[in-house]
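Tertiary structure, described
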Amino acid sequence: MKLITTHETADFDALASCVALRKLYPGAEIGIGGGVAPNVHQYLALHGNRFRTERCRDVDLSDVDLLIVTDVRRRSRLHHIEEVLERATRTPRSVRIVVWDHHPSAPDDLQSDEEHVQPVGAVTTLVVEELAARSADIDREEATLFSLGIHEDTGSLAYSRTSSRDATALAWLLGHGARPGLLQRFLRPPLDVVERSLLISIVDGIEEVPAFGTRIGVSAQEIEEAPAELARVTTEAFRMIPHDALFCVYRLPNGKMHIIGRSQSDAVTVGGVLGELGGGGHSGAGSAVVREGSLADVVTRLHTAIEKTCRHPEVVRDLMSSPVRTVTPRMPLRELAHSLHEWGHAGAPVMEAGKLVGMISRRDIERAKRDGRDSLTVASCMAHPVHTIAPDTPLSEALKQMKAHNIGRLPVLEGARIVGILSREDVLAYLYEE
Ligand SMILES: [Mn+2]
């Protein structure tokens, strides 16, 4: 018997890749262990007959001679097929194990006979590529389900782990009749009353991890009634707050603690942080379950894990341009225009006797020219007082200042000495670098 399976609480990427794999391995059964995510549950209420899944505990596992595992390869997430995995260790000939996955490797990864692991946004993409290569026939319902898998795991192509291959796979699915109009309905059904009130407590309860330039929020919640979709509520909360990363610790009525993390900063790798607490995941999303200790203990362990695994974020010094070309207040505007052009700069700090006294930009010169004042000197139209910044300020804070004062250049001062200048161009070059 051929069995396709995936991780507990199967999400759309897991279900879609299972269904897509059945097209590559005809006659295989899909066995689910530990239930499905609530949005998948709702989807299956309508499509359950079309895309049949079995519960692994209803399947005769002793009969499995080909095991196809998708969207996971860590043994600790595959308790429901432990029997098959044990048999594979004892008598390797009795079962062949094939893995399809897109997660980073972990110490407890399965030993497999065949592995299809690539760092794409959704594992469904890998299977769809194979179907496309074989010019497989798929119908609208299949194309839509496979699209759901890719949308879910790439945040509709907006998460940083998205690859061009995910977009290509989606395009192929659209060409095969996928119905984009149905995606939102299944991906993000409205939050119910319990979920909405939890969402508010999360946001109200966020505490910032101190002494860390990246804004990391931690919200610890004692839950009396567990809502169906903790992961989704966490994602929604993260969307609403200004933080770079969010970790929610939920203590459920049964005493277990679920930690769910989300990040949009390279400095915070959620999978790395939660790996320290026995969980795992991607750089942008992950989870862990802790069975003992108090809520406060877990929050302390989380802080330690963050301190240990997160890079300190970029600061102004890493990005600023230096040395700085400065001008004097007595410089004629016409001469300055010429120099700026030559340097390829849009502005410059104005220094007098070693002190920063103003900032002048190409735009100031243009304005002076329009008003017929371009025969004057820099002093007549420079901006002052000047907003400055220290070299060890985190980039996020620098951006905030640029936005608040609507300025494109911040002189960087160490004491009274000008050591660099941070411009919008520097920030853009950093954001778009490889
Ligand atoms: Mn996935």
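I will try to describe carefully the structure that is included in this document. (Residues numbered from 1 in each chain as written. Predicted model: local features only at pLDDT ≥ 70, side-chain atom pairs only at ≥ 80, totals over all residues. Heavy atoms only, no water.)

1. Notes on the layout of surface pockets
- One number sums up the size of the second largest pocket: a volume of about 540 Å³.
- Contributions of two or more residues to the lining of the second largest pocket are made by β14 (355–361), α14 (362–370), β15 (409–414) and α16 (424–431).
- With five residues, the top contributor of residues to the lining of the second largest pocket is α14.
- Residues of the lining of the second largest pocket, tallied by class, amount to eight nonpolar, four polar and eight charged. (1 Å grid on protein atoms, 1.4 Å probe; cavity = no way out; pocket = protein on both sides within 12 Å on 5 of 7 lines; lining within 4 Å. Points joined across faces, edges and corners; volume = space filled by probe spheres on them. Helix = DSSP H or I, 4+ residues; strand = E, 2+ residues; numbered from the N terminus. Nonpolar A, V, L, I, M, F, W, Y, C, P; charged D, E, K, R; others polar.)

2. Brief notes about the pairing of strand β9 (residues 245–251)
- β9 sits mainly inside the fold: six of its seven residues count as buried.
- By the bridge criterion, seven bridges tie strand β8 (residues 216–222) to β9 in an arrangement that is parallel. In the sheet register, Val 218 faces β9, and the bridge partner there is Phe 247.
- One ladder, built from seven bridges, connects β9 with strand β10 (residues 257–263); its direction is antiparallel. Counterpart to Ala 245 in the pairing with β10 is Ser 263.
- The turn joining β9 and β10, which pair antiparallel and follow one another in sequence, is formed by five residues; a positive phi near 90° is taken by Gly 255. (Buried < 20%, exposed > 50% of the residue type's maximum accessible area, 1.4 Å probe, protein only. Pairing = 2+ DSSP bridges.)

3. Some thoughts on the packing of helix α13 (residues 333–343) against α14
- Interaxial distance between α13 and α14 falls to 10 Å at its minimum, and their mutual angle equals 140°. When the axis of α13 is compared with that of α14, the two are oblique. Viewed along their axes, α13 and α14 form a crossing whose handedness is left-handed. When α13 is examined against α14, the residues Leu 333, Leu 336, Ala 337 and Leu 340 are found in contact with a partner set consisting of Arg 362, Ile 365 and Ala 368. (Axes fitted to C-alpha atoms, helices over the stretch in contact; angles between N-to-C directions. Parallel < 35°, antiparallel > 145°, perpendicular 65-115°, else oblique. Left-handed = near helix turned anticlockwise from the far one by under 90°. Contact = heavy atoms within 4.5 Å.)

4. A word on a negative patch on the surface
- A cluster of acidic residues, Asp 60, Asp 63, Asp 65, Glu 83 and Glu 86, forms a negative patch on the protein surface.
- Glu 83 sits in the partly exposed class, given a relative accessible area of 44%. (Patch = residues over 30% accessible without salt bridge, like charges linked within 9 Å, V, L, I, M, F, W, Y side chains within 5 Å. Areas by Shrake-Rupley, 256 points an atom, 1.4 Å probe, with all protein chains shown as cover. Salt bridge = Lys/Arg side-chain N within 4 Å of Asp/Glu carboxyl O. Lys, Arg positive; Asp, Glu negative; His and termini not counted. Charge placed at Lys NZ, Arg CZ, Asp CG, Glu CD.)

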